[in-house]
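Commentary on secondary and tertiary structure
Here is what each chain is made of, one letter per residue.
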Amino acid sequence: MNIHTVSTQPFTDQKPGTSGLRKQVSVFQKRNYLENFVQSIFDSLDGYQGQTLVVGGDGRYYNRQAIQIILKMAAANGFGRVLVGQNGILSTPAVSCVIRKYQAFGGIVLSASHNPGGPDGDFGIKYNIGNGGPAPEKVTDAIYARTKVIESYKILESADLDLDRLGTVQIGSTQVEIIDSVSDYAELMESLFDFDRIRQLLTSGNFRMCVDSMHAVTGPYAHAIFEQRLGAPIGTVVNGKPLEDFGGGHPDPNLVYAHDLVEIAFGDNAPDFGAASDGDGDRNMILGKRFFVTPSDSLAILAANAKLVPGYSQGIAGVARSMPTSQAADRVAAKIGIDCYETPTGWKFFGNLLDAGKVTLCGEESFGTGSNHVREKDGLWAVLFWLNILAVRQQSVEQIAREHWQQYGRNYYSRHDYEGVDTNKANTLMSNLLAALPNLKGKQFDNYQVDYADDFSYQDPIDRSISQNQGIRIGFSDGSRIVFRLSGTGTQGATLRVYLESYESDPAKQQSDPQVALAPLIAIADEIAQIRTLTGREQPTVIT
């Protein structure tokens, strides 16, 4: 087997976003495009010779072809061992689990998360470091710098490997081991949760649930854990076969795109519990019987009930949330006497806090929740956490949420997404907002007075690194907030995200629909940012 050094030229568009490099499939299929980025990853690392690399993806279109290229390049660049999920499948939290369990040097995750798949869809790649988490900014910055000057890449001349058969094969000097995609992750889940108690709940005959894997990566995990290990009836998991195009759907677990589950959960014969996961398995949506739990509330409820779960029965060290996520978790942290950290959007910002033992639970409003068991958000972990709480408390999802609001108050919260906005128009909107910030403090909008207006920056309390320009915040004197961000996860145009939050402490006033309760803030957001005027959009694409 020969190692080839292939001459190449840089691409100008390989800057990683909050979750790696995401582009349309057709872009990754360009000659040398994937190879350039993979080589840039390897060129940015030190000390990996002879070490272990983990590789897996969400099964979307181009996943298998990309893995074959990465395996040959990893061998050519001197990795001693590569662990690959069977069929090329590893959920993002499972990659983190495997990296940590086998003390791998790092891992490559192939996913565009919740973005659509198929030949005309999206593809993505990101590097995870040895703690199992996404590469921090200093690493992704180094990778991007390398992509701008790369002149060649190394690849081994070798036949493609059979990714479907478990076992070990040798290519060049590198051992490639095809591992069971589910077993290590399922073993970790069983160590955290009371499987016996959850099994009693799921087999009691008095409790029904529906888990929608959206034809994405969690199908094999959900079948193995819920239907096999925990005894849920066959058919509990729907859309459980991973497909390269996610069945033509949009694998984003929210009220708009997870419409199959929403129709079931809000139908006449609704189950007691519903949950959905996204393309790569790191996000979750939680539903009760005709009841939706916002991701912000979910994080707060998990924190408030953590001692009911074996893996967290000794209490949690702290909690962290992304800045746009509602302040519901802050109220729980204050009441139980633990720290709450506010970070920029992006799971990588939780890594240092988790590694330092400062926090145990963390979450983002974008349907992501997780803990110190891995260094990624984890969709099925959140589902199991909820099931464990339900099994112990013997109450409905709605009862638990409403009791939580009575105790801590309710943070009315919503996110309005404007997808595919013309990039220039979106940038103009944000530039106008930035220019207006110095003059907003003290201004009155309807019954709301601006208390502060800024562009969020964050200093990591562990390594003291500073991240700037992380979202425009407008806070009002009553604690309400509006946050504006351009998302880094889309591949076409720009996605403008507007986050709206208000707080209600009086249980008698906690019954409103969030869109009704937030209507004044929605109007103020449009007035300040001129959303309809600048984007031409009368309504958001998605409301969650």
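In what follows, the accompanying structure is described. Quantities reported herein were computed from a predicted structural model and do not represent experimental measurements. (Residues numbered from 1 in each chain as written. Predicted model: local features only at pLDDT ≥ 70, side-chain atom pairs only at ≥ 80, totals over all residues. Heavy atoms only, no water.)

Considerations on helix 7 (residues 195-202)
The set of residues buried in helix 7 consists of Phe 195, Ile 198, Leu 201 and Leu 202. The buried residues of helix 7 occupy one face: seen down the axis, they fall within an arc of 120°. Those residues of helix 7 that are exposed and angled more than 90 degrees off the buried face are Asp 196 and Gln 200. On its buried side, helix 7 packs onto helix 6 (183-192), strand 10 (209-212), helix 8 (218-229) and helix 13 (379-393). (Buried < 20%, exposed > 50% of the residue type's maximum accessible area, 1.4 Å probe, protein only. Helix = DSSP H or I, 4+ residues; strand = E, 2+ residues; numbered from the N terminus. Arc of directions from axis to C-beta. Contact = heavy atoms within 4.5 Å.)

Some remarks on the packing of helix 10 (residues 295-304) against helix 13
Each packed pair of helices is defined by two parameters, the angle between the axes and the distance between the axes. Contact geometry of helix 10 with helix 13 gives a least axis separation of 11 Å together with a crossing angle of 55°. By the angle between their axes, helix 10 is oblique relative to helix 13. Relative to helix 13, helix 10 is oriented so that their crossing is left-handed. Judged by residue contacts, Ser 298, Ile 301 and Leu 302 of helix 10 engage Trp 381, Phe 385, Trp 386 and Ile 389 from helix 13. (Axes fitted to C-alpha atoms, helices over the stretch in contact; angles between N-to-C directions. Parallel < 35°, antiparallel > 145°, perpendicular 65-115°, else oblique. Left-handed = near helix turned anticlockwise from the far one by under 90°.)

Remarks on the nonpolar core
Counting 73 residues, the largest nonpolar core has Phe 226, Phe 273, Trp 381 and Leu 387 as the members making the most contacts within it. For this core, the element with the highest residue contribution is helix 13, accounting for eleven residues. Excluding its chain neighbours within four sequence positions, the residues that come into contact with Phe 273 are Phe 207, Arg 208, Met 209, Cys 210, Ile 286, Leu 287, Val 383, Trp 386, Leu 387, Leu 390 and Val 397. Among the nonpolar cores identified, the runner-up in size contains 44 residues, and Leu 45, Leu 53, Val 55 and Tyr 127 belong to it. (Core = buried A, V, L, I, M, F, W, Y, C linked by side-chain atoms within 4.5 Å.)

Structural notes on the layout of surface pockets
The calculated volume of the second largest pocket comes to roughly 360 Å³. Looking at the second largest pocket, it is lined by 20 residues, and the ones nearest its centre are Leu 255, Phe 292, Arg 410, Asp 513 and Pro 514. Taken together, the elements giving at least two residues each to the lining of the second largest pocket come down to strand 14 (291-293), helix 14 (397-408), strand 19 (410-421) and helix 16 (514-517). At three residues, strand 19 tops the list of elements feeding residues into the lining of the second largest pocket. Broken down by class, the residue content of the lining of the second largest pocket amounts to eight nonpolar, seven polar and five charged. (1 Å grid on protein atoms, 1.4 Å probe; cavity = no way out; pocket = protein on both sides within 12 Å on 5 of 7 lines; lining within 4 Å. Points joined across faces, edges and corners; volume = space filled by probe spheres on them. Nonpolar A, V, L, I, M, F, W, Y, C, P; charged D, E, K, R; others polar.)

So, the side chain of Thr 147
Mapped onto the secondary structure, Thr 147 falls in helix 5 (residues 137-147). Overall, Thr 147 belongs to the buried group, its relative accessible area being 0%. A polar contact of 2.6 Å, which involves the side chain of Thr 147, links it to the backbone oxygen of Tyr 144. Ignoring any residue separated from it by four or fewer positions in sequence, one finds Thr 147 in contact with Pro 10, Phe 11, Gln 14, Phe 37 and Ser 40. (Polar contact = N/O pair within 3.5 Å; in protein donor to acceptor, adjacent residues only side chain to side chain.)

Considerations on the sheet that holds strand 24 (residues 472-476)
A sheet is described by the order of its strands in space; here seven strands give the open sequence 20-21-24-25-26-19-27, paired in antiparallel fashion. Of all strands in the sheet, those bounded by a partner on one side alone are strand 20 (444-445) and strand 27 (542-543). As paired strands, strand 21 (residues 448-455) and strand 24 are joined by five bridges and run antiparallel to one another. Bridging across to strand 24, Val 450 finds its partner in Phe 476. (Pairing = 2+ DSSP bridges.)

With respect to the pattern of salt bridges
A complete count under the given rule lists 28 salt bridges for this structure. For Asp 282, the salt bridge identified is with Lys 377, shortest N-O distance 3.8 Å. Residue Asp 282 is found in the loop between strand 12 (273-277) and strand 13 (284-288), and its partner Lys 377 is found in the loop between strand 18 (368-371) and helix 13; the two are separated by 95 residues along the sequence. Looking at Asp 282, the relative accessible area reads 3%, which means it is buried. Measuring nitrogen to oxygen at the nearest pair gives 3.8 Å for the salt bridge that ties Lys 377 to Glu 364. Linking Lys 377 in the loop between strand 18 and helix 13 with Glu 364 in strand 17 (residues 361-364), this pair joins segments that are 13 residues apart in sequence. (Salt bridge = Lys/Arg side-chain N within 4 Å of Asp/Glu carboxyl O.)

Structural notes on the pairing of strand 4 (residues 81-89)
Two elements, strand 3 (residues 52-57) and strand 4, share five bridges in a ladder whose sense is parallel. Within strand 4, the residue paired with Gly 57 across the bridge is Ile 89. In this fold, the crossover linking strand 3 to strand 4 by way of helix 3 (residues 63-76) has right-handed handedness. Both strand 4 and strand 9 (residues 174-179) contribute to a ladder of five bridges, which runs parallel. Its bridge partner lying in strand 9, Val 82 is registered against Val 176. (Right-handed = clockwise from strand over helix to strand, strands pointing away.)

Focus on helix 11 (residues 328-336)
Here helix 11 has its buried residues at Ala 328, Ala 329, Val 332 and Ala 333. With its buried residues spanning 135° around the axis, helix 11 presents them on a single face. At its buried positions, helix 11 is contacted by helix 10, strand 15 (318-322), strand 16 (339-343), helix 14 and strand 19. Gly 337, located one to two residues past helix 11, shows a positive phi value of around 80°.

All we've got here are geometric facts, nothing functional implied.
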